[in-house]
Amino acid sequence: MRSFESELTSLKGDALHRSLRPLKGPQMPKILSGTRELHNFSSNDYLGLAASDVVRAMLTDAVRKYGAGSGASRLVCGDLEPHRMLESQLAKLKGTEAAIAFSTGYAAAVGTVSALVRRGDVVILDKLCHASLIDGARLSGATVRVFPHNHLDKLERLLESSMDAAGDDGRVLVVAESVYSMDGDWADLFGIVRLTKAAGALLLLDEAHAFGIFGKDGRGLADKLGLARKVDFHLGTFSKAAGLSGGYVCGSEAGVDIILNRARSFIYSTAPPPAIAAAAHDVITRIFPGAMGERRRSELWNNVRVFTEAIADAGSPLLREPTSAIIPVILGDNERALAAASRLETSGFLVPAIRYPTVPAGQARLRVTLSANHAEGDIIALARAIAKI
Ligand SMILES: *Cc1c(COP(=O)(O)O)cnc(C)c1O
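Everything numeric here is computed off the predicted structure, so don't read it as measured data. Going along each chain's sequence as written, the residues are numbered from 1 onward. Per-residue local features are limited, in this predicted model, to residues with pLDDT of at least 70; the limit for side-chain atom pairs, both in listing and counting, is 80 or more; totals at the level of whole chains, interfaces and linings are taken over all residues. Calculation of side-chain values draws on the structure's entire complement of heavy atoms; hydrogens and water are dropped beforehand.

Ordered in space as β3-β9-β8-β7-β6-β4-β5, the 7 strands form an open sheet in which the pairing is mixed. Since the sheet does not close on itself, it has two edges, and those belong to β3 (98-102) and β5 (143-147), each with one partner. Strand-to-strand twist in this sheet, taken as the mean axis angle between neighbours without regard to direction, amounts to 20°. Judged from the 4 bridges that link them, strand β4 (residues 122-126) and strand β6 (residues 172-177) form a sheet pairing that is parallel. Bridge pairing in β6 links I124 to V174. Contacts between helix α4 (residues 81-94) and the sheet are confined to β3, β8 (233-237) and β9 (247-251), with β3 contributing the most and set at about 125° to the helix. Two residues form a contact once any of their heavy atoms are found within 4.5 Å. Axis definition: a line fitted to C-alpha atoms, over the contacting stretch in the case of helices. Angles run 0 to 180 degrees between N-to-C directions. Helix and strand definitions here come from DSSP, where helices need a minimum of 4 consecutive H or I residues and strands a minimum of 2 consecutive E residues; each element is numbered from the N-terminal end. Strand contacts of helix α7 (residues 152-166): β4, β5 and β6, with the helix running at about 165° to β5, the strand carrying the most contacts. For two strands to be treated as a pair, DSSP must find no fewer than two bridges joining them.

So, in structure tokens, the structure goes:
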């Protein structure tokens, strides 16, 4: 039998071995690794809410009111008041008939894609889609087709052949992210919407990295571009800009009912803790739409600008103007990316090296993420340290 040791050795040989990094303290711009303080530029806590006083208070109040665990799956006896409140608020925010909450964004993605299509159907994904969407597609049993990132000609051809293959009784589902998690760039959403609607296929859009950040009240990129009504299913997470955890899908009443009836990650998993659902409700009701959300979003964009200018001033301008809080610095091979991350760590910065299979082979990179509560001085110091590498 193939030993675990030989498998690990081969991972290490390819610089693909991963290990955990224990950190101490809350998720903040400065974080303790052992006894060393590191500037944290790797979190998806874009608005700095995860350890904020306001979200802590929302969560602790909710724990007092609703307790800790939810006790069972939503379909057994875990369907509690905060879940309902969250879902109706989400549907209102996104302008859809219905919404459904999951324990994680991963569970939402894997469950939704596998619920919406099945054998005989076709699911078409952008090549850079997140693992959770790919896993859902594989699990569904539908035929999986992939188009190169934002490659609309290929999407159009795939749509044509897929609509024929699926036939009158089948479904064709196009899956894209609005902001791509490892590149920080946007989907060509106008093109994707146009082609998908023209073909009569369904569109699922994962807004994990856009929810809370773009659009009116943080509704997402589809809203910002005026395309929200053209998207059939809006997927997202509370684990990034919302500073909590949990996932959601918004869509038509019937579509959400199908997800509730078919998504195994919803049916066979305990409902999200009610306090998390209540806090998520409060974040999307009281922070995303209010002055606090506006202020944090503008601080985030200011920090993105500060980084972009500082790295250009230091003599190594970014290849592409950032369009989100995710800024990739592509280095190519795995060893180079690992060495760069380790040099940055020596200088006091936590910036992860992202390797295959999270990104395509040969595109290993540093992934810098910015947050509303980074200090300008630290951002400039990071930009200079990266430029030196
Ligand atoms: C993070 C992420 C998810 C998973 O969300 P979690 O809440 O972390 O499980 C799904 N899709 C995309 C695009 C993501 O970036």
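With that settled, consider empty space enclosed by the protein. Points on a 1 Å grid, built from protein atoms alone, make a cavity when a 1.4 Å probe fits but cannot get out and make a pocket when they are open with protein on both sides within 12 Å along at least 5 of 7 lines; residues with an atom within 4 Å of a point are the lining residues. Grid points are joined across faces, edges and corners, and a volume is the space filled by probe spheres set on the points. The final tally for this structure, using the stated rule, is 3 cavities of 30 Å³ or more. Taken as a whole, the largest cavity spans an internal volume of roughly 80 Å³. Contributing to the lining of the largest cavity are Q27, M28, P29, N40, S43, D45, G48, T369, L370, S371, N373 and H374. The residue classification treats Ala, Val, Leu, Ile, Met, Phe, Trp, Tyr, Cys and Pro as nonpolar and Asp, Glu, Lys and Arg as charged. All others, Gly included, are polar. Among the residues forming the lining of the largest cavity, the class breakdown is 3 nonpolar, 8 polar and 1 charged.

Moving on, we come to the site of the ligand. If you check the shell around the ligand, you find 13 residues, and the closest are Y106, D206, H209, T237 and K240. Definition of a polar contact: a pair of N or O atoms within 3.5 Å, with one able to donate and the other able to accept a hydrogen when the atoms are protein atoms, and with sequence-neighbouring residues admitted only if both atoms are side-chain atoms. Here an oxygen atom of the ligand sits 2.8 Å away from a polar atom, N or O, in the main chain of Y106. Note that an oxygen atom of the ligand is positioned 2.8 Å from one of the side-chain N or O atoms of S239. Accessible surface is estimated by sampling points in the Shrake-Rupley manner with a 1.4 Å probe; for residues, cover comes only from the protein chains shown. Protein contacts shield 85% of the accessible area of the ligand, which totals 380 Å² for the unbound molecule. Class assignment of the residues belonging to the shell around the ligand gives a composition of 2 nonpolar, 8 polar and 3 charged. For each residue, the test is whether any non-hydrogen atom lies within 4 Å of the molecule or strand; if one does, the residue is near.

Below, the discussion takes up the sheet that holds strand β10 (residues 326-332). Strands sit in the order β10-β13-β12 across an open sheet of 3 strands; the sheet is antiparallel. The sheet is open, and its two borders are formed by β10 and β12 (353-354), each paired with just one other strand. By the bridge criterion, 6 bridges tie β10 to strand β13 (residues 364-369) in an arrangement that is antiparallel. Bridge pairing links V329 to L366 in β13.

Right, let's get into helix α8 (residues 189-199). An α-helical turn contains 3.6 residues, so any two residues separated by three or four positions project in the same direction. Only protein chains enter the accessibility calculation, which uses a 1.4 Å probe. A residue is then buried if its area is under 20% of the maximum for its type, exposed if over 50%, and partly exposed in between. Every buried residue of α8 is accounted for by L189, G191, I192, V193, L195 and T196. In the stretch just after α8, G200 is the one whose phi turns positive, near 80°.

What follows deals with unusual backbone geometry. Here the residue pair Y356 and P357 is connected by a cis peptide bond, since its omega of 5° sits within 30 degrees of zero. Here P357 lies in the loop between β12 and β13. The phi dihedral of D217 is positive, around 55°, even though this residue is not glycine. With respect to the helices and strands, D217 occurs in the loop between β7 (202-206) and α9 (221-224). Classification of D217 by relative accessible area gives buried; the value is 14%.

The element β8 is largely enclosed, with a buried count of 5 among its 5 residues. Taking every second residue as pointing to the same face, both faces of β8 are buried, with F233, L235 and T237 on one and H234 and G236 on the other. One ladder, built from 3 bridges, connects β7 with β8; its direction is parallel. In the strand pairing of β8, L204 is matched with F233. As paired elements, β8 and β9 share 4 bridges and run antiparallel to each other. In the sheet register, G236 faces β9, and the bridge partner there is Y248.

Quick look at the environment of F214 now. Considering the arrangement of structural elements, one finds F214 in the loop between β7 and α9. Judged by its relative accessible area of 5%, F214 falls in the buried class. Sequence separation between F214 and R297 is 83 residues; the distance between their C-alpha atoms is 8.3 Å. In contact with F214, other than residues within four places in its own chain, are V179, W186, R219, G220, L221, K224, W301, T323 and S324.

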